[in-house]
Amino acid sequence: MTDNNNSTQELTKKDFTVDSTIKWCAGCGAFSILSSVQNTLPKLGVKKDDFVFVSGIGCSSRFPYYIKTYGIHSLHGRATAIASGLKSARPDLNVWVITGDGDSMAIGGNHFIHLIRRNIDLNVIIFNNKIYGLTKGQYSPTTPMGSKTKTSPFGTIERPFMPGELTLGAQGNFFARVIDKEPRGMEDVFLQAALHKGTSIIEVFQNCVIFNNAIHEQITGKDVRDDRIIYVEHNKPLIFGKERDKGLILKGQDLEVVKIGENGISESDILVHDANNPNPNVHYMLARMTYPTHPVAVGVIRSVEDNTYEGLLEEQIEHAKANSKIKNVDDLLNSGNVFNIE
Amino acid sequence: MSNKNSIIELEQVVVKFAGDSGDGMQLTGMQFSDASASLGNDLSTFPDYPSEIRAPQGTIAGVSGFQVHIGHKEVQTPGDLADVLVALNPAALKANMKWVKPSATIIIDIDNFDNKHYKKAGFIEDPLHDSSLKGFNLVKAPITSLSRATVRELNIGLDNKTADKTRNQFVMGLLFWLFDRDMTMGEHFLQEKFAKKPELVKANIAVLRAGFNYAETVEAMTNQFHVNPQKGRKGKFKKISGNIAASWGLVAAAEKAGLKLFLGSYPITPASEILQELSGLRNLEVKTFQAEDEIAGICTAIGASFGGYLAATSTSGPGLALKTEAAGLAVITELPLVIVNVQRGGPSTGLPTKTEQSDLLQAIHGRSGESPCIVIAASSPGNCFEYAFEAAKLSVEHMTPVILLSDGYLANGTELWPIPQMKDLPEIKTPRVKDNDPNYQPYKRDPEKLSRFWALPGQEGLRHRIGGLEKSDVYGEVSHDPFNHQLMCQYRAEKVNRVADYIPKQDIYGSKDGGELLVIGWGGTYGALYSAVKEMREEGYDISLAQFNYIMPLPKNTDEVLGKFKKRIICELNLGQFADYLRSIYPQYKYSQFNKVQGLPFFISELKKRFKTLLEEE
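Residues numbered from 1 in each chain as written. Chains lettered and ligands numbered in written order. Predicted model: local features only at pLDDT ≥ 70, side-chain atom pairs only at ≥ 80, totals over all residues. Heavy atoms only, no water.

1. Observations regarding the overall build of chain B
For step 1, the next point in the chain: When its secondary structure is counted, chain B shows 20 helices and 22 strands.
For step 2, the next point in the chain: The C-alpha atoms of chain B give 27 Å as radius of gyration, which agrees with the globular expectation for 618 residues (25 Å, within 12%).
For step 3, the next point in the chain: Within chain B, the proportion of its 618 residues that are buried is 63%.
For step 4, the next point in the chain: Put simply, of all contacts in chain B between residues at least 6 apart along the chain, 77% involve residues at least 24 apart.
For step 5, the next point in the chain: When the accessible surface of chain B is totalled, it reaches about 23,200 Å², and 51% of it is carbon and sulfur.
For step 6, the next point in the chain: A distance of 2 Å separates the average location of the 68 positive side-chain charges in chain B from that of its 72 negative side-chain charges. (Helix = DSSP H or I, 4+ residues; strand = E, 2+ residues; numbered from the N terminus. Rg over C-alpha atoms; globule rule 2.2 N^0.38 Å. Buried < 20%, exposed > 50% of the residue type's maximum accessible area, 1.4 Å probe, protein only. Contact = heavy atoms within 4.5 Å. Areas by Shrake-Rupley, 256 points an atom, 1.4 Å probe, with all protein chains shown as cover. Lys, Arg positive; Asp, Glu negative; His and termini not counted. Charge placed at Lys NZ, Arg CZ, Asp CG, Glu CD.)

Pasting the structure below:
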């Protein structure tokens with residue numbers, strides 16, 4: 001389907017809204033993610049024709065059909081690979097990847113880590129609902145150990161992946177975590193991810209109302225979240241709690257939760273978040289934190305600038321063009337050892 | 001002592017170089033063929049190397065060979081059996097003894113023919129003293145010791161290990177004498193090859209001369225041979241392999257179409273050279289992406305194709321299997337994509353360094369669902385250029401993936417190839433859409449070709465979504481409508497069938513109006529089939545050849561071609577895949593078959609024998 005309305009005015013959410021029906025289940029966390037993305041795009045100063053959304057397979061991956069941009073709804077696990085090719089070929093485009101925990105962590109795990117290693121400037125949103133939704137309820141690589149699902153009636157016996165761990169282990173330069181029911185947080189993070197040069201990985205704690213309802217509630221529930229989530233912000237102390245009285249300090253080889261005002265701890269003792277630190281050690285600890293020993297980190301955990309794959313590729317091309325005597329295919333065909341037979 | 005041997009003029013000669021995989025036999029073979037090309041001989045070469053990088057020295061597994069066929073007349077294959085075999089050790093001799101002519105000249109390095117080497121090679125008896133070499137013209141040259149002595153005399157501080165690496169030049173010297181050639185050519189080759197290492201130039205040239213002088217002085221060889229230049233062949237030529245030609249065909253197509261080239265690929269024998277060659281062409285704005293696996297290779301190419309590049313992926317059999325799912329995505333999204341499959345022995349890892357034609361049915365059918373692709377096949381190292389270009393042209397103009405079949409024999413073999421000029425190559429029209437075209441719909445089709453149009457991200461007013469789910473006709477909405485699905489399947493099939501209107505008719509070499517026996521081949525067997533048919537026609541047989549380059553769809557006159565002959569025989573390097581395919585489409589004809597699955601190309605001699613038997617049958 002095409003959209004031929006072509007206004008040159010300032011963009012709004014409406015420019016990215018489709019007329020057709022969105023076929024996610026009522027109450028699905030995906031709706032608010034879509035809405036937050038649509039709110040983010042107009043802020044980027046990018047022409048609406050320059051956005052491309054590439055997705056894999058799964059509930060989340062229907063996304064390109066629901067946003068008015070160029071898009072490919074591709075193969076299970078391969079969105080990262082397809083988007084890598086597109087962005088390498090066309091660095092001028094603003095390319096987003098929409099994927100889920102099954103799509104990116106299981107069948108697409110290989111492409112996921114290699115995308116990150118190459119640092120191609122893509123914005124990857126992982127809808128992590130910790131379950132296979134589209135195939136109706138089998139456990140995924142992020143499903144908590146012991147969970148009973150359709151394919152684990154006795155409980156899973158697999159340790160789950162944490163997308164943040166995998167991202168940082170693959171030398172990722174941008175990792176953030178957001179929650180589907182916090183649109184303002186999502187928009188802020190999507191904006192930072194889009195402006196970041198290089199691969200940006202955003203894990204969204206997304207709810208699947210049908211097959212894994214309330215899976216994140218233990219962390220994100222209204223009554224508990226203040227004490228179980230720490231909203232990290234660059235250059236700000238890592239403080240959390242309903243009373244803003246708890247914080248993180250580095251102790252030994254780990255992060256430790258401390259109470260401000262107890263045991264001589266004051267606010268100035270609390271670790272200040274440095275998302276731009278090239279050394280990923282603290283980012284790794286932040287990404288790994290789980291309840292109940294620690295709060296779960298939400299926000300931009302790591303954001304470090306480095307060369308992008310497509311940028312280096314363009315540089316090589318410019319250099320080769322400037323320095324080669326072979327300027328076109330006729331030159332190439334006549335290069336090297338040519339036998340002139342008379 | 002001056003040499004008064006007679007010089008025998010030959011129409012053609014086949015030379016095989018064999019030694020340990022570290023002995024430089026590939027280099028020697030190339031040097032000999034370059035010199036032959038410079039002298040105006042036609043030629044065809046084929047390397048024969050083990051799949052191990054450095055198997056234990058002196059063993060059969062470690063033997064690396066290179067065969068060169070040079071001629072005064074046209075040469076179409078690297079030759080069946082060798083007239084001259086160079087064997088640097090007993091293993092090389094043992095591995096190649098069955099591939100030489102009964103009266104061949106066999107040059108051995110006598111320094112390596114001792115009990116230790118016999119044992120490694122698996123000889124039970126000393127082959128020099130039993131009857132196994134009877135009838136051959138055996139030249140026992142002390143190649144290692146004389147090479148070392150020559151290098152030592154130069155006094156430039158090179159040790160024996162380095163000196164041993166010059167042995168191949170001693171061999172070259174012997175051959176330059178044997179083939180009555182001017183030594184300066186071999187010297188030029190070495191000056192270029194070792195331009196940055198003057199001491200190696202010196203040592204290699206000295207050993208080259210030592211080999212030449214040895215041959216001249218000791219009268220080890222009784223005759224000299226001379227192969228005259230080919231007549232009537234003029235112009236600029238390159239010695240080119242199928243893999244390089246395929247790479248260049250893609251670059252040429254991109255330039256002709258006004259597109260940039262993207263190759264997403266993963267290293268795999270025998271296709272890796274395409275990725276290697278294209279990765280060096282950044283100067284022509286070629287983007288190569290060495291992916292994490294075969295799947296990412298094709299997927300990155302699909303991404304680039306959506307972005308408006310001429311996109312390709314290169315692979316071999318097992319890699320094609322991994323790409324099938326994504327090839328299906330290219331079929332349903334109707335994006336242009338060239339898949340180059342350099343076939344090797346299968347199934348599974350099979351025979352990675354050996355040639356075969358056993359991916360034909362995989363190429364035609366190997367995808368889920370009703371998933372038609374254009375399939376074409378190259379038939380000589382040089383025409384890999386032409387068919388890579390054609391694959392790109394058909395893919396872009398008809399908006400569908402094209403599988404180009406090459407094979408290990410074409411990929412690594414070389415031939416003298418007349419260099420084309422870009423201005424002579426056909427135009428490639430890209431079915432692009434203008435910005436803001438109010439009539440654009442993603443699945444609106446060209447009424448003749450049935451292909452859709454190519455709107456690129458970034459173009460104003462053409463935003464659209466494509467994908468792997470079935471789409472509605474014209475508008476491209478996701479559609480599960482049963483009648484729409486059938487319609488779209490039929491469109492995609494008919495689109496590929498209609499390509500027959502845009503490809504040449506099938507040619508017949510021989511009796512164009514029909515006759516006794518039609519030999520049917522496809523792809524890389526052309527050289528052997530053509531040579532066999534040509535020789536038999538010269539002997540007076542009514543035999544003809546139809547070598548197919550267009551497989552899916554077949555040329556429009558295929559039925560007519562098949563029907564003109566009394567007998568038909570389909571020859572292929574598999575157990576009968578093209579035969580199955582032709583039988584399914586043209587069941588009204590009777591076909592004989594000649595199938596070979598040994599990892600080896602056809603020999604002209606075995607083909608002729610089979611054809612003669614068939615012609616004698618009632």
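Having seen it, we continue.
2. Brief notes about the domain arrangement of chain B
The figure often quoted for interface size is the accessible area lost as the parts come together.
Residues and elements named next belong to chain B.
For step 1, the next point in the chain: When cut into domains, chain B gives domain 1 (6–227), domain 2 (238–424) and domain 3 (515–616).
For step 2, the next point in the chain: Facing the five residues of domain 1 at the interface are eleven residues of domain 3.
For step 3, the next point in the chain: For the pair domain 1 and domain 3, the summed buried area comes to about 690 Å², and 60% of that belongs to carbon and sulfur atoms.
For step 4, the next point in the chain: Taken together, the connections running from domain 1 to domain 3 amount to one salt bridge. (Domains from an automatic or database assignment. Buried area = accessible area lost by both parts, 1.4 Å probe. Salt bridge = Lys/Arg side-chain N within 4 Å of Asp/Glu carboxyl O.)

3. Some words on the packing of helix H1 (residues 25–38) of chain B against helix H6 (residues 167–178) of chain B
All names here are of chain B.
For step 1, the next point in the chain: Following both chains from N to C, one finds H1 and H6 inclined at 30°, their axes separated by 10 Å at the closest point. It follows that H1 is roughly parallel to H6 by the angle criterion. Remark: the crossing between H1 and H6 carries right-handed chirality. Residue-level contacts link Met 25, Leu 27, Thr 28, Gln 31, Phe 32 and Ala 35 of H1 to Asn 168, Gln 169, Met 172, Leu 175 and Phe 176 of H6.
For step 2, the next point in the chain: For the contact of H1 with H6, the class distribution of residues is seven nonpolar, four polar and no charged. (Axes fitted to C-alpha atoms, helices over the stretch in contact; angles between N-to-C directions. Parallel < 35°, antiparallel > 145°, perpendicular 65-115°, else oblique. Left-handed = near helix turned anticlockwise from the far one by under 90°. Nonpolar A, V, L, I, M, F, W, Y, C, P; charged D, E, K, R; others polar.)

4. Focus: the packing of helix H17 (residues 526–538) of chain B against helix H20 (residues 604–616) of chain B
Residues and elements named next belong to chain B.
For step 1, the next point in the chain: For the pair H17 and H20, the least separation of the axes is 9 Å and the interaxial angle reads 55°. The angle between H17 and H20 places the two elements in the oblique class. Where H17 crosses over H20, the handedness of that crossing is right-handed. Residue-level inspection shows Ala 528, Leu 529, Ser 531, Ala 532, Val 533, Glu 535 and Met 536 of H17 in contact with H20, the latter providing Ile 604, Leu 607, Lys 608, Phe 611, Lys 612 and Leu 615.

5. A word on the pattern of salt bridges
For step 1, the next point in the chain: Taken as a whole and assessed by the stated rule, the structure comprises 44 salt bridges over all chains.
For step 2, the next point in the chain: Among the ionic pairs, A:Lys43 bridges to A:Glu187, the shortest N-O distance being 3.6 Å. Separated by 144 residues along the polypeptide, A:Lys43 in the loop between helix H1 (30–40) and strand E2 (51–55) and A:Glu187 in helix H6 (residues 183–195) bring together distant segments of the chain.
For step 3, the next point in the chain: A:Lys43 gets classed as partly exposed once you look at its relative accessible area, which sits at 47%.
For step 4, the next point in the chain: Between A:Asp92 and A:Arg90 there is a salt bridge, and its shortest N-O distance comes to 2.9 Å.
For step 5, the next point in the chain: Given the relative accessible area of 13%, A:Arg90 is considered buried.
For step 6, the next point in the chain: Overlapping salt bridges, with partners in common, bring together B:Glu535, B:Glu539, B:Lys608 and B:Lys612 in one network.

6. Points about the packing of aromatic side chains
For step 1, the next point in the chain: By the definition in use, this model includes 25 aromatic pairs over all chains.
For step 2, the next point in the chain: Between B:Phe170 and B:Tyr214, the ring centres sit 5.8 Å apart and the planes meet at 50°, which makes this aromatic pair tilted. Residue B:Phe170 is located in helix H6, and its partner B:Tyr214 is located in helix H8 (residues 198–218); the two are separated by 44 residues in the primary sequence. The exposure classification of B:Phe170 matches that of B:Tyr214, with both residues buried.
For step 3, the next point in the chain: Connected via pairs of aromatic rings, a cluster forms that spans A:Trp24, A:Phe31, A:Phe53, A:Phe63, A:Tyr66, A:Trp96 and A:Phe127.
For step 4, the next point in the chain: The aromatic ring of B:Phe603 is capped on one face by B:Lys596, whose charged end is 4.3 Å from the ring centroid. (Phe/Tyr/Trp six-rings, centres within 6.5 Å; stacked < 30°, edge-to-face > 60°. Lys NZ or Arg CZ within 6 Å of the ring centre and 35° of its normal.)

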